Structure formats: structure tokens, C-alpha cells
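# Architecture and fold: a report
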Amino acid sequence: MAIKTVLRMGEPCLLMKAAPVAQFDTPELHQLIQDLEDTMQHMNGAGIAAPQIGVSLRVVIFGQKEPIAINPRYPDADTVPYTVLINPELRFIGDKVENDWEGCLSVPGMRGIVPRHLKLHYAGYDQYGNKVDRLVSGFHARVVQHECDHLDGVLYPMRISNLKDFGYSDVFFPNQDFQDD
Ligand code: NI
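Overview of the structure. Predicted, not measured: the structure shown is a model, and the values here were computed from it.

### Overview of the nonpolar core
If you look at the biggest cluster of nonpolar residues, it comprises 17 residues, and the most contacted ones within it are Val60, Phe62, Leu85, Leu120, Tyr122 and Val144. Taken together, the elements giving at least two residues each to this core come down to β2 (59–62), β6 (119–125), β7 (131–137) and α2 (138–150). Of all the elements, α2 adds the most residues to this core, at five residues. Residues Val6, Leu32, Ile48 and Ile61 belong to the second largest nonpolar core, which totals 16 residues.

### Details of the pairing of strand β5 (residues 110–117)
Burial analysis of β5 places six of its eight residues in the buried class, which makes it a mostly covered element. Two elements, strand β4 (residues 97–102) and β5, share six bridges in a ladder whose sense is antiparallel. The residue of β5 that forms the bridge with Asn99 is Pro115. Two elements, β5 and strand β8 (residues 166–168), share three bridges in a ladder whose sense is antiparallel. Across the sheet, the residue bridging to Met110 is Tyr168, located in β8.

### Quick notes on the environment of Ser56
Looking at the element boundaries, Ser56 is found in the loop between β1 (47–49) and β2. Measuring from C-alpha to C-alpha, the distance between Ser56 and Gln127 comes to 16 Å, with 71 residues separating the pair along the chain. Here Ser56 is in contact with Met16, Lys17, Ala18 and Ala19, once residues within four sequence places are set aside.

### Overview of the packing of aromatic side chains
Applying the stated rule across the entire model yields six aromatic pairs. Judged by centre distance (6.0 Å) and plane angle (85 degrees), the ring pair of Tyr156 and Phe166 falls under edge-to-face. Of this pair, Tyr156 sits in the loop between α2 and β8 while Phe166 sits in strand β8, and the two are 10 residues apart along the sequence. Each residue in the set Trp101, Phe172 and Phe173 is aromatic and connected to the rest through ring pairs, giving one cluster.

### What to know about the sheet that holds β5
Read across the sheet, three strands follow the order β4-β5-β8 without closing on themselves; strand pairing throughout is antiparallel. Edge positions in the open sheet fall to β4 and β8, since each of these has one partner strand only. When strand polarity is set aside, the average angle formed by the axes of neighbouring strands in this sheet is 25 degrees.

### A word on the pattern of salt bridges
One pass over the structure, following the stated rule, counts seven salt bridges. Between Arg58 and Asp152 there is a salt bridge, and its shortest N-O distance comes to 2.9 Å. A residue pair is termed long-range when its members are at least 10 positions apart, and Arg58 in the loop between β1 and β2 and Asp152 in the loop between α2 and β8 qualify at 94 residues. Accessibility expressed as a relative area gives 35% for Asp152, which makes it partly exposed. A salt bridge links Asp149 to Arg116, with the nearest nitrogen and oxygen atoms 2.9 Å apart. Separated by 33 residues along the polypeptide, Asp149 in helix α2 and Arg116 in strand β5 bring together distant segments of the chain. Arg116 carries the same exposure label as Asp149, and that label is buried. Residues joined in a network through salt bridges with shared partners are Glu102, Arg116, Arg142, Asp149 and Arg159.

Scoring rules and cut-offs
Residues numbered from 1 in each chain as written. Predicted model: local features only at pLDDT ≥ 70, side-chain atom pairs only at ≥ 80, totals over all residues. Heavy atoms only, no water. Core = buried A, V, L, I, M, F, W, Y, C linked by side-chain atoms within 4.5 Å. Buried < 20%, exposed > 50% of the residue type's maximum accessible area, 1.4 Å probe, protein only. Helix = DSSP H or I, 4+ residues; strand = E, 2+ residues; numbered from the N terminus. Pairing = 2+ DSSP bridges. Contact = heavy atoms within 4.5 Å. Phe/Tyr/Trp six-rings, centres within 6.5 Å; stacked < 30°, edge-to-face > 60°. Axes fitted to C-alpha atoms, helices over the stretch in contact; angles between N-to-C directions. Salt bridge = Lys/Arg side-chain N within 4 Å of Asp/Glu carboxyl O.

Treat this as a map of the structure, not an account of what it does.
Here it is, written out as C-alpha cells:
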């Protein structure tokens, strides 16, 4: 059990292009996945990327192990299965784009409306080197795009098309009980 400090926007590590993982099924990689999982669960995140805990490698995790546990921050998150995705490749299907709210553990207390591709194919590996290959849409596709952006040093505020759609969670949603993010 190791809950790591999540780096906040402004840290140079969050703006770097992360390096690919060269070797699978190593103690170091398993430890990293465990740290990401502990940190994501502790923060109630929909996903987390390795650079957010200061490790500049192309590793993200997202989704939930227990479909019955509704994430209070993202009620749709139960539709996304728990996934470890390493060295991901994304291919957008069609050109349909959807606007929706996003937050990020590295931008605590804020929300913004971000355009994302509606449908995509993603491929990569899990921590054992097994191939991951999925065609997804909607919230699942959004989470993958958000997390994989972290691997290229892109934070969601950089994707907001109208900065009027960016602000504090408790101002936009005064009746919702958000945690620190
Ligand atoms: Ni994020």
C-alpha cells in the first residue's frame, strides 16, 4: 500500500513526453501499478497516469474493479472496466467530437468542458506484456484520451476550447459534494 503525492499543474514532469516501458513483468513495474492503483483509489480518480506521481513512463490505469462501486465524482465510471494500459496507441474512429465536463487529480478543485473524440480504438499492453485491444466510445473513450494525454505532457485545460467553460467545481456545481477534485 503506497499512496503517492499527486503532482499538480505547474510541475515540469506533467509537461514532459513520457518514455515507453521497455520491459514487462518486472518488480519495478508491478510496484508502479500498485502505487498508481492505491493513489487512484484513495483520490477517487477515474484514472491516473504515471507522470502524475512523478514517473515519466507510458503507463496509465483507469476504470473500476467493482462495477457496483459508483465513483461519486464520475457516476458513469462504472461502465469502464479496470484497465492497465502501457505504451498505448490511439486511433480515432470517425470525426465525431463530444463536449463534456472533466476534472483531473493534478488540477484539484476545478472542472472544464473538453471536446473529445466520441469513438476510438486503443491498443497497448498490461503489466505482464499481454496485449490490450479495444474499441470504445463515450465516457470510456474520454477517460482513455484524458489519461493518454498525460503521457504527452498535455493537461485537459490545454484542450478547453472556451476558457469560460473552466472554473471551480463548487462554483459550477454548488449542490454537489466534490472532494478536493
Ligand atoms: Ni488527469
